[in-house]
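These are the residues of each chain, in order.
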Amino acid sequence: MSAISAQNLTKRYGKKHAVDGISFDIEQGEIVGFLGPNGAGKTTTLRMLAGLIKPSKGSSTILGKKVPSSSLLEVGTMIEEPSFYGYMTGRDNLRHAAKMHGGVSDKHIDEMLSFVSMDQASNKRVRAYSQGMRQRLGLARALLWRPKVLLLDEPTNGLDPVGIAEIRENLRTIAHEGVTILISSHILAELEKLVERILAVERGKLLYDGPLQQMLKRIDEKTVTYFLDALNPDALKYALSHLNIDFQSLDGGAIQVVIPQNDAASVISRLIQEGVQLIEARRITDNLEGAYLRLLKEDGRPV
Ligand code: ATP
């Protein structure tokens, strides 16, 4: 039984498809990155999975039960910016949330506050919290009922690099305990260190569903980024323009170009033929950010 299953999930607002026929299955204990630029349909998908809005078409199940269902206590969600009572302290906000559903001890609330490194700040009123502190408190609230499935929408928004690393560690710990996590982000570097599988969405459609490493490899096979430096930078720019190759000027006169992998050797020899005196032509290893953005730019089709 899949922990999360989406079948042809679709959400239309008027004529616009916010989510357009997305299907996937996530097994128990998997931690999956839901990746896409702003407006791609991530939040809308997560809201449908959480039972907060109804799909226009398609359906989903969580832990084998059709959404919406009474299994929601087994699902921890943090979708969009978490909202709290500003006049209450962080701890009281969690107590209040716990009371609505019952069965959560003060001890467990303290454990969760400490898990997200909020023990110190938990007696402050939430209105004095930074965005990062609200995010941490939101995660603690999502964990209150010891969920088996976590749906997290950009949970590291507003956190500094140390905070991001901390939340990442927390999520790894939770995943090791068998919790299934679907986590959205448009900041790819964050997902790169956390997940092994990526669901990439753009304009409501699922572009890719598979291992992160495979996605990188396939993208890399399509195009490569080269760092070029020449004795005569103006001649290099002129030659690239002449060859119709877009380039980016770097500090110090060097150039960065993105070219199809199979063309790399011929581009370099043509530059030399054009009289460019190359000092350096070095292939740059891409990070996920660059690779993914290029994937979308190139054809917008599944890799
Ligand atoms: P972000 O990273 O900016 O949060 P997202 O990937 O989560 O983006 P969604 O918030 O799901 O994207 O939005 C997908 C599309 O659906 C966007 O074009 C958005 O404007 C549209 N949309 C979302 N909610 C509504 C709504 N209630 N009414 C009309 N359009 C909506």
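Here is a short report on the structure shown in this document. Predicted model only: the values in this text are computed from it and were never measured.

**Here we look at the packing of aromatic side chains**
Consideration 1: Within this structure, the stated rule accounts for 2 aromatic pairs.
Consideration 2: When the ring of F24 is compared with that of F34, the centres are 6.3 Å apart and the planes differ by 55°; the resulting orientation is tilted. Of this pair, F24 sits in strand β2 (residues 16–26) while F34 sits in strand β3 (residues 31–35); the two residues are 10 residues apart in sequence, bridging distant segments of the chain. Each member of the pair F24 and F34 is classed as buried.

**Overview of the sheet that holds strand β6 (residues 75–78)**
Consideration 1: Within the open sheet, the 6 strands sit side by side as β6-β7-β8-β3-β9-β10. Their pairing is mixed. Of all strands in the sheet, those bounded by a partner on one side alone are β6 and β10 (205–211). Each neighbouring strand pair of the sheet contributes to a mean axis angle of 15°, computed without reference to strand direction.
Consideration 2: For β6 and strand β7 (residues 149–153), the ladder comprises 4 bridges, and the chain directions are parallel.

**Comments concerning the site of the ligand**
Consideration 1: As a structural note, the neighbourhood of the ligand is formed by Y13, K16, A18, P37, N38, G39, A40, G41, K42, T43, T44 and E154.
Consideration 2: Within the backbone of A40, an N or O atom sits 3.0 Å from an oxygen atom of the ligand.
Consideration 3: Here an oxygen atom of the ligand sits 2.5 Å away from a polar atom, N or O, in the side chain of T43.
Consideration 4: Relative to its free-state accessible area of 630 Å², the ligand is covered by the protein chains to the extent of 62%.

Cut-off values and rules
Residues numbered from 1 in each chain as written. Predicted model: local features only at pLDDT ≥ 70, side-chain atom pairs only at ≥ 80, totals over all residues. Heavy atoms only, no water. Phe/Tyr/Trp six-rings, centres within 6.5 Å; stacked < 30°, edge-to-face > 60°. Helix = DSSP H or I, 4+ residues; strand = E, 2+ residues; numbered from the N terminus. Buried < 20%, exposed > 50% of the residue type's maximum accessible area, 1.4 Å probe, protein only. Pairing = 2+ DSSP bridges. Axes fitted to C-alpha atoms, helices over the stretch in contact; angles between N-to-C directions. Near = heavy atom within 4 Å. Polar contact = N/O pair within 3.5 Å; in protein donor to acceptor, adjacent residues only side chain to side chain. Areas by Shrake-Rupley, 256 points an atom, 1.4 Å probe, with all protein chains shown as cover.

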